Amino acid sequence: MIRALELLSAVSRADSTHPLSPASPSPAPSTPPREARSPYFTPPRSGPLTRSARKRQAGHDDSSLPPRTICPPTPISPVDSPVTTSNQVSQVSDDRPRRSTRIKKHKPENVTGKRKAKGHGLGRHGVEEAVVAKSEQGQIEAIDKIHLIQERVRHDPWKMLVATCLLNVTSGRAARPIYIELMRRYPNPEALSQASIPDLVELLYPLGLFNQRAASLVRFSQEYLAHQWPIHPGTLSSDPVLHPTTPFVSSEDSLPQTLDVRIFHGAGRYASDSFRIYSDLFPGKGAPEREKRWIEKQKRARMRRQMDQRGAETAQEAGEPEQDVSVTLDKATDVEDVEQIGEYLSDEEDVGEEEWRKVRPTDKELRRYLIWRWGLEGIVYDIHHGPSIKRQQDIQRLAYLA
């Protein structure tokens, strides 16, 4: 009996301590703090204290310092000093004419100002007159002179042909540093004819077609020496682009029987057109030979046209009948096209045949140069049909082109 009572008391005590017993309430689920539940929560730093924390523990708290006081600005009279404060601007500027702070974009009055030069990254060398003509893309625009490497080395046939090999299907800005380094390593045809093909391939790799270009340059230099073409005495220049070659005197006996550069390996249409336009070995000594003369004639023609335009405007204001001028005067623009300026150009003496006038290139840069070069003489150049010669003096002077 006693044993049964002890078992019953033990069972009752176990039921009272059980978590699911109705006598004891179920414990609430433990919820972590908000900071711990956030994915962006950063636990407090554990480790050595920072310098500012050590100062605060030592009693050097910045909060105990008195607040910083800001002194009011001292008023300055506009009579004592030309500098005025923001409060005085409205008082001082009331008696003055107000000016707008907006930056106005001024439209150029004419097309003869400085423009961004195009070409092989050579910049502008002097001041050239722009001509308004139809570009190679068929748009009427102001065309400046385009600066090409061929013009800088036009007195040295070997350097010009090497440049055309690098410039073929390659931009001038990419070919220029490679060309300068090539001339530094191989300054004459003798050195390039004995160059190592792997070394040339490594140098010409950025231009593409490096294997073909390397083999063509070596073979071309060997053929150049074999055909005994003229070698410029200044070929040792390490930078022919920045220091262009100068003309050298060559007798007729030293020139080859034919000046057709297509006899060399790798020289095609682009090399032939460049050589005929710029080289001084042909009759006329190249297109750049008389550029400065025509630029001066172009300036004088513009001045004469402006004087006629002012005279016509003065006559219209005075009520007099308009004078008979050779071109139509447009008051809305100061841009003169090629044919209008050509009416005011003075007659040019006959200098004989010039080889560059017979070239009809297919390269867009050479075409642009010829558009500008013919435009200096008041002649419109069409990239498909050639120059359009209309004035009587030009027809007589350029009769050999008919």
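Residues numbered from 1 in each chain as written. Predicted model: local features only at pLDDT ≥ 70, side-chain atom pairs only at ≥ 80, totals over all residues. Heavy atoms only, no water.

The protein carries the name HhH-GPD domain-containing protein in an unreviewed UniProt entry, which gives Papiliotrema laurentii as its organism. Under Subcellular location (unreviewed entry), UniProt gives the following word-for-word description of the protein: "Nucleus". (UniProt positions renumbered as here; feature names shortened; annotations may be inferred.)

A. Layout of the overall build of the protein. Of the regular secondary structure elements, the protein holds 15 helices and six strands. By residue count, 38% of the 402 residues in the protein fall in the buried class. Contacts spanning at least 24 positions in sequence make up 67% of the contacts within the protein whose residues lie at least 6 apart. Element-wise, carbon and sulfur atoms account for 52% of the exposed surface of the protein, whose accessible area totals about 26100 Å². (Helix = DSSP H or I, 4+ residues; strand = E, 2+ residues; numbered from the N terminus. Buried < 20%, exposed > 50% of the residue type's maximum accessible area, 1.4 Å probe, protein only. Contact = heavy atoms within 4.5 Å. Areas by Shrake-Rupley, 256 points an atom, 1.4 Å probe, with all protein chains shown as cover.)

B. View of the pairing of strand 3 (residues 140-143). Sheet analysis places strand 2 (residues 131-134) next to strand 3, joined by four bridges and oriented antiparallel. Its bridge partner being in strand 3, Val132 is matched across the sheet by Ala142. (Pairing = 2+ DSSP bridges.)

C. Inspection of unusual backbone geometry at higher detail. For Gln228, which is not glycine, the phi torsion reads 55° and is therefore positive. Residue position: Gln228 is located in the loop between helix 10 (210-226) and helix 11 (269-278). Taking the relative accessible area as the measure of exposure, Gln228 reaches 64% and is therefore exposed. Positioned with a positive phi, Lys285 is a non-glycine residue whose angle comes to about 60°.

D. Spatial organisation of the packing of helix 6 (residues 157-167) against helix 10. Contact pair helix 6 / helix 10: the axes reach a minimum separation of 11 Å and the direction vectors enclose 160°. As summarised for this structure, helix 6 and helix 10 are arranged roughly antiparallel, according to the angle between their axes. Helix 6 and helix 10 meet at a crossing whose hand is right-handed. Contact with helix 6, carried on its side by Pro157, Trp158, Leu161, Val162, Cys165 and Leu166, involves Arg213, Leu217, Phe220, Ser221 and Tyr224 of helix 10 and no other residues of that element. Classifying every residue of the contact of helix 6 with helix 10 gives nine nonpolar, one polar and one charged. (Axes fitted to C-alpha atoms, helices over the stretch in contact; angles between N-to-C directions. Parallel < 35°, antiparallel > 145°, perpendicular 65-115°, else oblique. Left-handed = near helix turned anticlockwise from the far one by under 90°. Nonpolar A, V, L, I, M, F, W, Y, C, P; charged D, E, K, R; others polar.)

E. Seen up close, the packing of aromatic side chains. The full count for this structure, using the stated rule, is 12 aromatic pairs. Between Tyr224 and Trp229, the ring centres sit 6.0 Å apart and the planes meet at 50°, which makes this aromatic pair tilted. Where Tyr369 meets Trp372, the ring centres are 6.1 Å apart and the plane angle is 40°; that geometry is what we call tilted. In this pair, Tyr369 and Trp372 are both assigned in helix 14 (residues 364-376), three residues apart and thus about one turn of the helix distant. By relative accessible area, which is 0% here, Tyr369 ends up buried. Grouping aromatic residues by their ring pairs yields a cluster made of Phe220, Tyr224, Trp229, Phe264, Phe275 and Phe282. Above the ring of Trp374, the side-chain terminus of Arg357 is found at 5.0 Å from the ring centroid. (Phe/Tyr/Trp six-rings, centres within 6.5 Å; stacked < 30°, edge-to-face > 60°. Lys NZ or Arg CZ within 6 Å of the ring centre and 35° of its normal.)

F. Seen up close, the nonpolar core. With 67 residues, the main nonpolar core has Val162, Leu182 and Leu192 as its most contacted residues. The element that contributes the greatest number of residues to this core is helix 6, accounting for eight residues. Once residues lying within four places of it in the same chain are set aside, the contact partners of Leu182 are Val162, Leu166, Leu192, Leu200, Leu203 and Leu217. (Core = buried A, V, L, I, M, F, W, Y, C linked by side-chain atoms within 4.5 Å.)

G. Geometry of the environment of Thr164. Summarising the element assignment, Thr164 is placed in helix 6. Sequence-distant contacts of Thr164, defined by excluding residues within four places in its chain, comprise Gln150, Tyr270, Ala271 and Ser274.

H. Molecular detail of helix 7 (residues 172-185). In this model, helix 7 (14 residues) spans 20 Å end to end at C-alpha, consistent with the 20 Å of a helix rising 1.5 Å per residue. For helix 7, every residue scored as buried is listed here: Gly172, Ala175, Arg176, Ile178, Tyr179, Leu182 and Met183. Against helix 5 (149-152), helix 6, helix 8 (189-193), helix 9 (197-204) and helix 10 lie the buried residues of helix 7. (Expected span 1.5 Å × (residues − 1).)

I. Inspection of the confidence of the model for the protein at higher detail. Taken residue by residue, the protein gives an average pLDDT of 75. The fraction at 70 or more is 62%. Counted against residues more than four places away or in other chains, residues 78-94, with its pLDDT under 50, gives 10 contacts. Across residues 323-335, where pLDDT falls below 50, the model places 19 contacts with residues more than four positions away in sequence or in other chains. (pLDDT = per-residue confidence, 0-100.)

J. Representation of helix 14 in the model. Its 13 residues give helix 14 an end-to-end C-alpha distance of 19 Å, which sits within 8% of 18 Å, the value for a rise of 1.5 Å per residue. Along helix 14, 11 of the 13 residues are buried, which leaves the element largely enclosed by surrounding structure. Among the residues of helix 14, Leu366, Arg367, Arg368, Tyr369, Leu370, Ile371, Trp372, Arg373, Trp374, Gly375 and Leu376 are the ones counted as buried. Two to three positions downstream of the cap, the backbone nitrogen of Glu365 sits 3.0 Å from a side-chain oxygen, assigning the N-cap of helix 14 to Asp363. Immediately downstream of helix 14, the backbone of Gly378 shows phi near 75°, a positive value. (Polar contact = N/O pair within 3.5 Å; in protein donor to acceptor, adjacent residues only side chain to side chain.)

K. Summary view of the packing of helix 12 (residues 291-317) against helix 14. It is the contact of helix 12 with helix 14, at a shortest axis distance of 9 Å, that shows an interaxial angle of 55°. By the angle between their axes, helix 12 is oblique relative to helix 14. Note on element contacts: helix 14 touches helix 12 through Tyr369, Trp372, Arg373, Gly375 and Leu376, opposite Glu291, Trp294, Ile295 and Gln298. Partitioning the contact of helix 12 with helix 14 into residue classes produces five nonpolar, two polar and two charged.

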